[in-house]
Amino acid sequence: MNKKYQIASIPGDGIGKEVIPECEKVLHALSAQNKNIEFNFEHFDWGGDYYRKHGVMMPEDGLDPLRSKDAILFGSAGDPKIPDHITLWGLRLKICQGFDQYANVRPTRILPGIQTPLRNCQPDQLDWVIVRENSEGEYSGLGGRAHQGHPIEVASDMSILTRVGVERVQRYAFRLAQSRPRKHITVITKSNAQRHAMVMWDEIAVQVAKEFPDVTWDKELVDAATARMVNHPESLDTIVATNLHADVLSDLAAALAGSLGIAPTGNIDPERRYPSMFEPIHGSAFDIMGKGLANPIGTFWSAVMMLDFLGEKDLGAKLMQAIEKVTANPKLHTRDLGGTAMMKDVTDAVIAEISK
Ligand code: ATP
């Protein structure tokens, strides 16, 4: 049976414009090997340049053409000449919130050939997946400013947790933990200092855990979790945390796995009411833009997540194997990994592996 996946391609800004076309090439190469699967990309030129022309990062009704897509492939949003809160809220968060992609999933592993800054960590001792609450919490968007520029100026960002929001993301994370060999989850909290919403978060974890008797779980304060990630990486497997906590922990995770350029993420609507969105975790990296230096592996790994989510597990596994063959060869390491390879060399090598 022939399957044609409709993918929205949103490169965004900076190196997003370089790594997304490379990823499309890789997906076309996969489909050339599997003739019954096709990818059809529709391109959207939203981001900083679009903002300069139109005053918005994406059109007001921009979600409409995305709605019918099977998935969204996203590059990055960020521009040194536009304030970060405008680029973030005007594009990436508009899509995440508009499509209620409430689970942000970030796998972390030390891929073959990649060096971790952790001196005593064997590659098989670090295999995590962080589930970040992606719709509320500290990044709810609620709050305001008044009396700007006056001594009595006031500003607030309100952190909101709802029972529905916490239950659904924790349930998703426990289910994910259940599907992994270790069947273990760590619930990150800060209920010692945040004594309302985080206490509810802890209580809900106790309730949700009862639905998963075969999953073991523990609780860790977010500050202690950073030390545990560094000192005892093997003690962690699946991790669930609020929006801000997981934001910080997952950048640490990416650094411990060798480079920001490798790490992937999926913004998932587990109920599949809307398309989910897959992207590398790095930003627009204007410092290396246009030089062909960007590491495209984070984007390729995001495509693996996309294929898995679409139910194309064999294709996902094939792409992941190709990625691992390429990272295992130091001659194919880009500058962020201490190598001299260019982005194109990495893409060509991945395509060559796929085509074997
Ligand atoms: P933004 O404001 O969009 O978040 P940023 O430049 O502040 O972007 P990142 O893009 O996340 O932050 O990256 C920080 C640094 O890491 C970059 O300056 C770049 O040198 C390096 N880096 C990030 N991603 C990659 C990549 N894919 N390949 C190579 N280097 C990268």
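Shown above is the structure to which this text applies.
On a predicted model such as this, the values are computed, not experimentally measured, just so you know.

A. Helix H9 (residues 297–309), seen in detail. Here H9 is 13 residues long and its end C-alpha atoms lie 18 Å apart, about the 18 Å a rise of 1.5 Å per residue gives. Buried residues dominate H9, accounting for twelve of its 13 residues. Among the residues of H9, Ile 297, Gly 298, Thr 299, Phe 300, Trp 301, Ser 302, Ala 303, Val 304, Met 305, Met 306, Leu 307 and Phe 309 are the ones counted as buried. Once H9 finishes, Gly 311 follows within two positions and takes phi at roughly 90°, a positive value.

B. A look at the nonpolar core. Residues Ile 7, Leu 27, Phe 39, Leu 73, Leu 319, Ile 323 and Val 350 are the most contacted members of the largest nonpolar core, which totals 80 residues. Examining the composition of this core, we find that nine residues originate from one element, H9, more than from any other. When residues are assigned to domains, this core turns out to be shared by domain 1 (1–102 + 266–356) and domain 2 (116–141 + 158–257), each giving three or more. Discounting chain neighbours no more than four positions away, the residues touching Leu 73 are Ile 7, Ala 8, Ser 9, Ile 10, Ile 20, Cys 23, Leu 27, Phe 41, Phe 278 and Met 306. Core analysis: the second largest hydrophobic core is formed by 16 residues, Leu 63, Ile 72, Ile 95 and Phe 99 among them.

C. Structural detail: the packing of aromatic side chains. Summed over the entire model, instances satisfying the criterion amount to seven aromatic pairs. Over the aromatic face of Phe 309 sits the side chain of Arg 272, whose NZ or CZ is 3.8 Å from the ring centroid.

D. Representation of the sheet that holds strand S2 (residues 37–43) within the structure. The strand order across the open sheet built from ten strands is S2-S1-S3-S12-S11-S4-S5-S10-S8-S9, with neighbouring strands paired in mixed fashion. Of all the strands in the sheet, the pair left with one neighbour each is S2 and strand S9 (216–221). Going across the sheet, the axis of each strand differs from the next one's by a mean of 25°, ignoring polarity. Direction of pairing for strand S8 (residues 184–189) relative to strand S10 (residues 238–241): parallel, over a ladder of three bridges. Paired with Thr 186 across the two strands is Ile 239, which belongs to S10. Contacting strand S1 (3–12), S2 and strand S3 (71–76), helix H1 (residues 16–33) crosses the sheet at an angle of about 155° to S2. Against the sheet, helix H4 (residues 84–98) engages S1, S3, strand S4 (103–109), strand S11 (264–268) and strand S12 (276–280), with an angle of about 145° to S12.

So, how was this worked out
Residues numbered from 1 in each chain as written. Predicted model: local features only at pLDDT ≥ 70, side-chain atom pairs only at ≥ 80, totals over all residues. Heavy atoms only, no water. Helix = DSSP H or I, 4+ residues; strand = E, 2+ residues; numbered from the N terminus. Expected span 1.5 Å × (residues − 1). Buried < 20%, exposed > 50% of the residue type's maximum accessible area, 1.4 Å probe, protein only. Core = buried A, V, L, I, M, F, W, Y, C linked by side-chain atoms within 4.5 Å. Domains from an automatic or database assignment. Contact = heavy atoms within 4.5 Å. Phe/Tyr/Trp six-rings, centres within 6.5 Å; stacked < 30°, edge-to-face > 60°. Lys NZ or Arg CZ within 6 Å of the ring centre and 35° of its normal. Pairing = 2+ DSSP bridges. Axes fitted to C-alpha atoms, helices over the stretch in contact; angles between N-to-C directions.

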